[in-house]
Protein chains: 2
Amino acid sequence: MSEFEPLIKHIRKRVDMTDDELAELTSYFNVKKIKKKQFIIQPDFVAKHRNYVVEGAFRAYVIDGKGEEHTIQFAIEDWWISDYNSFIHQQPATMFVVALDNSIVLQLTYEQEQKLKAAGHKYETFFRIMAERSAAYQQRRIISNLTQSAEERYTDFLEKYPLVAQRVPQYALASYLGMTTEFLSKIRNNKVRRKS
Amino acid sequence: MSEFEPLIKHIRKRVDMTDDELAELTSYFNVKKIKKKQFIIQPDFVAKHRNYVVEGAFRAYVIDGKGEEHTIQFAIEDWWISDYNSFIHQQPATMFVVALDNSIVLQLTYEQEQKLKAAGHKYETFFRIMAERSAAYQQRRIISNLTQSAEERYTDFLEKYPLVAQRVPQYALASYLGMTTEFLSKIRNNKVRRKS
DNA sequence: TTTTAACGATGAACCAGGTTAGGAAAAACG
DNA sequence: CGTTTTTCCTAACCTGGTTCATCGTTAAAA
């Protein structure tokens, strides 16, 4: 079984494509092995690829003026990751994207993606759906950050993404949820003062 | 000059279309006048349209468990607004979208949008670009919420969207920026304690 | 196997921003 | 118009979450 099987299933769930179309689509991607702690995107370099995770786990984060890390996105099997803003506008990245484990990704370069989208309406549709889902996902996160307490954000994350929560270090999860590691530790150990 | 002129310019900036294509595209939209304080989207009803603002101003917000409003998005001239998640999945909305002034919008129903996307590759491309921009915009907002203080978020907003800041009530802006009106008032009057 | 570094837990002092409560002024409306 | 409602401001007090410093534990490297 090829490394492309998971991607093929992934796409089939979203758009209706023939075997030929899928074969053409996957031919635009390259398989790449990434070792744990290796960076696939760094600030000031343009994000060259969109990455589909076949195996492993990644974290995208920014560093603010005080030197603090803030996690923007995690990606495990069957997820995509990149510095999206850098990739779609082909401008220097602001994020780091690092492997949390030894991983295998399928990479699509910006140029290949342009060709693919031009090659057929259905391919364009697929990327439109990806972008729409990404926008909807991020809107849910904005709402969660605006409306929920630190504890609620944590318990919600556990419910929605139990697999991710298990695999990423706690400081990374804390920085994703917008709190300090110390506070997350207190929540996890029920040391947060509750009303009543 | 028709109400469609602004939309035509808007689209021309993003994709290359012939006059015929633009004429076909705009034929899928309907002009609608909305009075101040009128709701165009409400929770539990499916968001039927994507709305392009020709004239006026809108606010999209959610109400949390404590009854507090949180502004998700503003839209003035040349912006789009809807409950995006409700619209693309055609599921009940969670947001209110209300007119802040007497307004004119161009509405595209979900069904018309599906037909339009099916009618040509270029139309699909346009919606793909819209979704990508929306995703990139929202990611910037997430980063801003994670990395900046309340005061920084406010001054940044003023710089980036001076026209919006002028036109929306302060409580709406505060709830967009993730702070209370009272605190925003302190910031505006330089009553926030500063270090040194 | 030992050493070192990374990770997580804990507690006390502290602060950014929230709450509560009031009142003034500007819009909206009949 | 005058009246009602909405919006904005001020100020004292409060709290969820941070900061800083310390220590045990686990995992990687040598």
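Participant: What is the right way to read the sheet that holds strand β5 (residues 69-75) of chain A from this model?
Facilitator: Backbone hydrogen bonds hold the strands of a sheet together, and the pairing may be parallel or antiparallel. Spatial ordering of the open sheet is given by β2-β7-β4-β5 (chain A), a layout of 4 strands whose pairing is antiparallel. Looking at which strands have only one partner, the edges of the open sheet turn out to be β2 (39-41) and β5 of chain A. Neighbour-to-neighbour, the strand axes of the sheet open up by a mean angle of 30°, direction not taken into account. Contacts from helix α8 (residues 170-177) of chain A reach β4 (58-63) and β5 of chain A, with the element oriented near 100° to β5 of chain A. Across the sheet, helix α5 (residues 121-147) of chain B lies against β4 and β5 of chain A, angled at about 140° from β5 of chain A, the strand it touches most.

Participant: Just to check I follow, could you spell out the environment of glutamine 73 of chain A for this structure?
Facilitator: Residues and elements named next belong to chain A. As for its placement among the helices and strands, glutamine 73 is situated in strand β5. The exposure class assigned to glutamine 73 is buried, which follows from its relative accessible area of 16%. Linking glutamine 73 and leucine 173, residues 100 residues apart in sequence, is a C-alpha distance of 9.7 Å. When near neighbours in sequence (up to four residues on either side) are disregarded, glutamine 73 contacts Phe58, Arg59, Ala60, Trp79, Trp80, Ile81, Ser82 and Tyr176. There is a polar contact of 2.8 Å between the side chain of glutamine 73 and the backbone oxygen of tryptophan 80.

Participant: Would you mind going over the domain arrangement of chain A with me for this structure?
Facilitator: Interfaces are often sized by the accessible area lost when the parts come together. All names here are of chain A. According to the domain assignment, chain A contains domain 1 (5-147) and domain 2 (148-196). The centre of domain 1, based on its C-alpha atoms, is set 25 Å off from the matching centre of domain 2. Opposite the 20 residues of domain 1 that make contact, domain 2 presents 17 residues. Taken together, domain 1 and domain 2 are joined by 2 salt bridges.

Participant: I'm lost on the side chain of aspartate 64 of chain B in this one. Help?
Facilitator: With respect to the helices and strands, the residue aspartate 64 of chain B is situated in the loop between β4 (58-63) and β5 (69-75). Lysine 66 of chain B provides the closest opposite charge to the buried, unpaired aspartate 64 of chain B, separated from it by 5.5 Å. Within the structure, the side chain of aspartate 64 of chain B is placed 2.8 Å from the backbone nitrogen of lysine 66 of chain B, a separation counted as a polar contact. A distance of 2.8 Å separates a polar atom in the side chain of aspartate 64 of chain B from a polar atom in the side chain of histidine 70 of chain B. Setting aside residues up to four positions removed in sequence, aspartate 64 of chain B forms contacts with Thr147 of chain A together with His70 of chain B.

Participant: In this structure, what is going on with the protein's contact with DNA strand D? I would like to understand it.
Facilitator: Near DNA strand D, the surroundings consist of 18 residues, among which Ala150 and Thr180 of chain A together with Gln170, Tyr171 and Asn189 of chain B are the closest. Per the 4 Å cut-off to the protein, sugar and phosphate atoms form 77% of the nearby atoms of DNA strand D. Between glutamine 170 of chain B and DNA strand D, the recorded distance is 2.5 Å, taken from a side-chain N or O atom to a phosphate oxygen. With respect to DNA strand D, the side chain of tyrosine 171 of chain B contributes an N or O atom lying 3.3 Å from a phosphate oxygen. Taken together, the residues of the surface near DNA strand D break down into 5 nonpolar, 6 polar and 7 charged.

Participant: Please clarify how the interface of chain B and chain A should be interpreted in this entry.
Facilitator: The interface is formed by 35 residues belonging to chain B together with 35 residues belonging to chain A. Summed over both sides, the interface of chain B with chain A buries roughly 3200 Å², with 62% coming from carbon and sulfur. In this structure, the salt-bridge partner of glutamate 124 of chain B is arginine 128 of chain A, at a minimum N-O distance of 2.5 Å. Of all the secondary-structure elements, those providing two or more residues to the side of chain B that touches chain A are β5, α3 (84-89), α4 (110-119), α5 and α8 (170-177) of chain B. Considering every element that reaches the side of chain B that touches chain A, the biggest residue donor is α5 of chain B, with 18 residues. For the side of chain B that touches chain A, the class distribution of residues is 14 nonpolar, 12 polar and 9 charged.

Participant: What exactly am I supposed to notice about the protein's contact with DNA strand C here?
Facilitator: Near DNA strand C, the surroundings consist of 18 residues, among which Gln170 and Ser185 of chain A together with Lys36, Glu182 and Lys186 of chain B are the closest. Counted by atom, the contact set of DNA strand C within 4 Å of the protein is 73% sugar and phosphate. Measuring from a phosphate oxygen of DNA strand C, one finds a side-chain N or O atom of glutamine 170 of chain A at 2.7 Å. Serine 185 of chain A places a side-chain nitrogen or oxygen 3.0 Å from a phosphate oxygen of DNA strand C. Listed by contribution, the elements that provide at least two residues to the surface near DNA strand C are α8 and α9 (181-188) of chain A together with α9 (181-188) of chain B. Here the residues of the surface near DNA strand C are counted per class, giving 5 nonpolar, 6 polar and 7 charged.

Participant: Sorry if this is basic, but what is going on with the sheet that holds strand β6 (residues 80-81) of chain A here?
Facilitator: Residue and element names in this part refer to chain A. As summarised here, the arrangement of the 4 strands in space is β1-β8-β3-β6, forming an open sheet in which the pairing is antiparallel. Both outer strands of the open sheet, β1 (30-34) and β6, are each paired with one neighbouring strand and no more. As judged from the 6 bridges shared by strand β3 (residues 49-55) and strand β8 (residues 103-109), these two strands associate in the antiparallel manner. Opposite glutamate 55, over in β8, you have isoleucine 104 as the bridge partner.

Participant: Looking at this structure, how should I read the relation of the copies chain B and chain A?
Facilitator: A rotation about an axis combined with a shift along that same axis relates the two copies of the chain. Placing chain B over chain A gives an RMSD of 0.0 Å and needs a rotation angle of 180°, together with 0.0 Å of translation along the axis. Within this description, the copies of the chain are treated as partners about a two-fold rotation axis. Mapped onto chain A, 100% of the interface residues of chain B again fall at the interface, so both copies present the same surface.

Participant: Mind showing me how you'd approach the packing of helix α1 (residues 5-14) of chain A against helix α2 (residues 19-26) of chain A here?
Facilitator: Packed helix pairs are specified by the crossing angle of their axes together with the interaxial distance, meaning the distance between the axes. Residue and element names in this part refer to chain A. Direction vectors running N to C along α1 and α2 enclose 125°, while the axes themselves pass 11 Å from each other. On the basis of the axis angle, α1 is oblique to α2. As for the relative orientation of α1 and α2, their crossing is right-handed in sense. The residues of α2 that touch α1, namely those facing Leu7, Ile8, Ile11 and Arg12, are Asp19, Leu22, Leu25 and Thr26. Grouping the constituent residues of the contact of α1 with α2 by class yields 5 nonpolar, 1 polar and 2 charged.

Here is what the cut-offs are and how they apply
Along every chain, residues carry numbers that run from 1 in the direction the sequence is written. Here the convention is simple: chains get letters from A, ligands get numbers from 1, in the order in which they are written. At least 70 in pLDDT is required for a residue's local features to be given in this predicted model, at least 80 for side-chain atom pairs to be given and counted, and no such filter applies to totals for whole chains, interfaces and linings, which use all residues. Values reported for side chains reflect all heavy atoms of the structure, with hydrogen atoms and water molecules removed beforehand. Here a strand pair is declared whenever DSSP counts at least two bridges between the two strands. Secondary structure follows DSSP: runs of H or I at least 4 residues long count as helices, runs of E at least 2 residues long count as strands, and numbering of each begins at the N terminus. Lines fitted to C-alpha atoms define the axes here, with helix axes fitted over just the stretch in contact, and angles between the N-to-C directions of these axes take values from 0 to 180 degrees. Whether two residues touch is decided by their heavy atoms; if any such pair falls within 4.5 Å, the residues are in contact. Exposure classes here rest on a 1.4 Å probe applied to the protein chains alone. A residue is buried below 20% of its type maximum, exposed above 50%, and partly exposed in between. N or O atoms closer than or at 3.5 Å make up a polar contact, with two conditions inside protein: a donor-capable atom paired with an acceptor-capable one, and, for residues adjacent in sequence, both atoms drawn from side chains. For the domain bounds, the source is a domain assignment made automatically or taken from a database. Think of a salt bridge as a Lys or Arg side-chain nitrogen and an Asp or Glu carboxyl oxygen that are within 4 Å of each other. For the purpose of charge, His is not counted, nor are the chain termini; Lys and Arg are scored as positive and Asp and Glu as negative. One heavy atom within 4 Å of a molecule or strand makes the whole residue count as near it. Only Asp, Glu, Lys and Arg are considered charged, only Ala, Val, Leu, Ile, Met, Phe, Trp, Tyr, Cys and Pro nonpolar, and every remaining residue, Gly among them, polar. Buried area: the sum, over both parts, of the accessible surface (1.4 Å probe) that disappears when the two are put together. Least-squares fitting of one copy onto the other uses the C-alpha atoms of those residues that reach a pLDDT of at least 70 in both copies. In what follows, roughly perpendicular refers to angles from 65 to 115 degrees, roughly parallel to angles under 35, roughly antiparallel to angles over 145, and oblique to any angle outside these ranges. The handedness criterion is simple: a crossing whose near helix is rotated anticlockwise from the far helix by less than a right angle is left-handed, and one whose near helix is rotated clockwise is right-handed.

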